[in-house]
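Spelled out, the chains give:
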Amino acid sequence: MTEVESDRKHMAAALEEAREAWRAGEVPIGAVVVLEEEVIGRGSNRTLRECDPTAHAEIVALRAAARTVANHRILGATLYATIEPCAMCAGAIIQARLARLVYGADDPKGGAVRTCFNVINDSRLNHRMDVLSGVLAEECASLLQAFFGERR
């Protein structure tokens, strides 16, 4: 499987997590953490269900992955998120020492990778990672647009 095929496959898994969030009444954002082609952590937004402002999809997936590898550092792993991570999630991604971040849609109102801020690869930090944006971006953005369109 090529890297492009792998990225699309794992982003599709993140989209499934996002749909799960929608079914539960949450903003449809999903994430998966992958190590050596195996999903080791999954997450969907759970802020409302858990009354927890930190229960973003990325944080939920990172927590699950850390438990899977029994370490707070998830070295060599890739996080796939349906939307550009916020500043909180970007900070957690850095702390986990991931090798790579792949996300779908940009977040012009709060993205902390490139649209509003560049937290992930700020030169003052001691960790760098590869970042790829735009994987299944239309599907990721459409899901969010449909969710918010339904709420109006």
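Right above here is the structure, for reference.
Residues numbered from 1 in each chain as written. Predicted model: local features only at pLDDT ≥ 70, side-chain atom pairs only at ≥ 80, totals over all residues. Heavy atoms only, no water.

K.L.:
Whenever I open this one, the environment of Ile-40 confuses me. Can you help?
P.N.:
Looking at the element boundaries, Ile-40 is found in strand β2 (residues 38–44). Separated by 38 residues in the primary sequence, Ile-40 and Thr-78 place their C-alpha atoms 10 Å from one another. Setting aside chain neighbours within four positions, we find Ile-40 in contact with Val-33, Leu-35, Ala-64, Ala-65, Thr-68, Val-69 and Ile-74. (Helix = DSSP H or I, 4+ residues; strand = E, 2+ residues; numbered from the N terminus. Contact = heavy atoms within 4.5 Å.)

K.L.:
Would you explain the nonpolar core in this entry?
P.N.:
As a rule of thumb, soluble globular proteins bury nonpolar side chains together. Counting 26 residues, the largest nonpolar core has Val-33 and Ile-74 as the members making the most contacts within it. Of all elements in the fold, only β1 (30–35), α3 (57–69), β3 (78–83), α4 (87–95) and β4 (100–105) reach the threshold of two or more residues within this core. At five residues, α3 tops the list of elements feeding residues into this core. Apart from residues no more than four positions distant in its own chain, Val-33 is found in contact with Glu-38, Val-39, Ile-40, Gly-41, Ala-61, Leu-62, Ala-65, Ile-74, Ala-77, Thr-78 and Leu-79. Counting 14 residues, the second-largest nonpolar core is a separate cluster that includes Ala-13, Val-34, Tyr-80 and Cys-140. (Core = buried A, V, L, I, M, F, W, Y, C linked by side-chain atoms within 4.5 Å. Buried < 20%, exposed > 50% of the residue type's maximum accessible area, 1.4 Å probe, protein only.)

K.L.:
Any chance you could explain the pairing of β4 here in plain terms?
P.N.:
When you tally the buried positions in β4, you get six out of six residues, the bulk of the element. Taken together, β3, α4 and β4 constitute a β-α-β crossover, and its handedness is right-handed. Bridge count for β4 against strand β5 (residues 130–133) is four bridges, and the pairing is parallel. Across the sheet, residue Leu-101 finds its bridge partner in β5, namely Val-131. (Right-handed = clockwise from strand over helix to strand, strands pointing away. Pairing = 2+ DSSP bridges.)

K.L.:
What am I meant to see in the packing of helix α1 (residues 3–23) against helix α5 (residues 137–151) here?
P.N.:
Angle between the axes and distance between the axes: these two values describe a pair of packed helices. Relative orientation of the contacting elements α1 and α5 amounts to 10 degrees, with a least axis distance of 10 Å. Taken together, the axes of α1 and α5 are roughly parallel relative to one another. Here α1 contributes Met-11, Leu-15, Ala-18, Arg-19 and Trp-22 to the contact with α5, which in turn contributes Glu-139, Cys-140, Leu-143, Ala-146, Phe-147 and Glu-150. A class-by-class count of the residues in the contact of α1 with α5 yields eight nonpolar, no polar and three charged. (Axes fitted to C-alpha atoms, helices over the stretch in contact; angles between N-to-C directions. Parallel < 35°, antiparallel > 145°, perpendicular 65-115°, else oblique. Nonpolar A, V, L, I, M, F, W, Y, C, P; charged D, E, K, R; others polar.)

K.L.:
What exactly am I supposed to notice about the sheet that holds β4 here?
P.N.:
Two modes of strand pairing occur in sheets, parallel and antiparallel, and in both the strands are linked by backbone hydrogen bonds. A sheet is described by the order of its strands in space; here five strands give the open sequence β2-β1-β3-β4-β5, paired in mixed fashion. Each end of this open sheet is capped by a strand with a single partner; those strands are β2 and β5. Each strand of the sheet is rotated relative to its neighbour by a mean of 15 degrees, with strand direction disregarded. Relative to β4, β3 is paired through five bridges, and the arrangement is parallel.

K.L.:
Would you explain the packing of aromatic side chains in this entry?
P.N.:
Geometry of an aromatic ring pair is reported as the spacing of the ring centres plus the angle between the planes. Here the structure, examined in full by the defined rule, presents two aromatic pairs. Ring centres of Trp-22 and Phe-147 lie 5.6 Å apart, and the angle between their planes is 90 degrees; this geometry places the pair in the edge-to-face category. Linking Trp-22 in helix α1 with Phe-147 in helix α5, this pair joins segments that are 125 residues apart in sequence. The class of Phe-147 is buried, set by a relative accessible area of 2%. With a centroid separation of 5.0 Å and an interplanar angle of 80 degrees, the aromatic rings of Phe-147 and Phe-148 are classed as edge-to-face. These aromatic residues form a ring-pair network of at least three members: Trp-22, Phe-147 and Phe-148. (Phe/Tyr/Trp six-rings, centres within 6.5 Å; stacked < 30°, edge-to-face > 60°.)

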